[in-house]
Amino acid sequence: MAKTKFKEERKLRFIEFYAIFGLIILGSLYRIFEQFVVLPAVSWTSVAIYAGIVLVSLGVIYLLSSVKLVTIVSKKGIKYQLYPFQFERKKIKWDDVEEYKVVNMPGKAIWSGWNVNFHSDQHNFGFGERSGLYVKLKTGENVYLGIEQEEELKKSIGKLADL
């Protein structure tokens, strides 16, 4: 078992998503209330549709609140997992790494889609943070893992380099 030198667990914290879905839920609940109190006849189809919207919105909020990025750097290599979309941790052994560095992205990078992109040769995982670990593999793939604790990561990688 490799001793962990660095571990970070980040949750998705975009309050805007929660606010939008909260407004959708409130609007749908109002429409259901309106069906029973304000209107003379109840349209059960409308009630079912709005109840479905409430349930789907609650499901999306639950899914968004469970998303987390786990990054582990140890003597054996780098492990990362974007839960619940990846069922097991992806492992990168140090033997497979051609180049790595801790990078600090420019401020404009956060406007490019929250750094969650999937390309054929590049895998970016992050939730809008500006610093991260860039890893270039010998296979030609590039991996960028967003990190919030940049200084701690630099210290950990420095200690690993000394081993």
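Whatever comes next refers back to the structure up there.
The paragraphs below set out a description of the structure included in this document.

**What about the pattern of salt bridges?**
Considering all chains together, one arrives at five salt bridges under this definition. With its nearest N and O atoms 3.6 Å apart, the salt bridge here joins K68 to E9. Of the two residues, K68 sits in strand β2 (residues 68–74) while E9 sits in strand β1 (residues 4–11), which places them 59 residues apart along the sequence.

**Here we look at the packing of aromatic side chains**
Describing an aromatic ring pair means giving the distance of the ring centres and the angle of the ring planes. Evaluated as defined, the whole model comprises two aromatic pairs. Ring centres 5.5 Å apart and planes at 70° place the aromatic pair F36 and W44 in the edge-to-face group. Residue classification places F36 among the partly exposed residues on the basis of a relative accessible area of 44%. We classify W44 as exposed; its relative accessible area is 58%. Directly above the aromatic system of Y83 lies the positively charged group of K68, at a separation of 5.7 Å from the ring centroid.

**Looking at helix α1 (residues 15–37)**
The terminal C-alpha atoms of α1, which comprises 23 residues, lie 32 Å apart, in line with the 33 Å expected from a rise of 1.5 Å per residue. Every buried residue of α1 is accounted for by F21, I25, S28, I32, E34 and Q35. Buried residues along α1 sit against α2 (44–66).

Rules behind the numbers
- Residues numbered from 1 in each chain as written.
- Predicted model: local features only at pLDDT ≥ 70, side-chain atom pairs only at ≥ 80, totals over all residues.
- Heavy atoms only, no water.
- Salt bridge = Lys/Arg side-chain N within 4 Å of Asp/Glu carboxyl O.
- Helix = DSSP H or I, 4+ residues; strand = E, 2+ residues; numbered from the N terminus.
- Phe/Tyr/Trp six-rings, centres within 6.5 Å; stacked < 30°, edge-to-face > 60°.
- Buried < 20%, exposed > 50% of the residue type's maximum accessible area, 1.4 Å probe, protein only.
- Lys NZ or Arg CZ within 6 Å of the ring centre and 35° of its normal.
- Expected span 1.5 Å × (residues − 1).
- Contact = heavy atoms within 4.5 Å.

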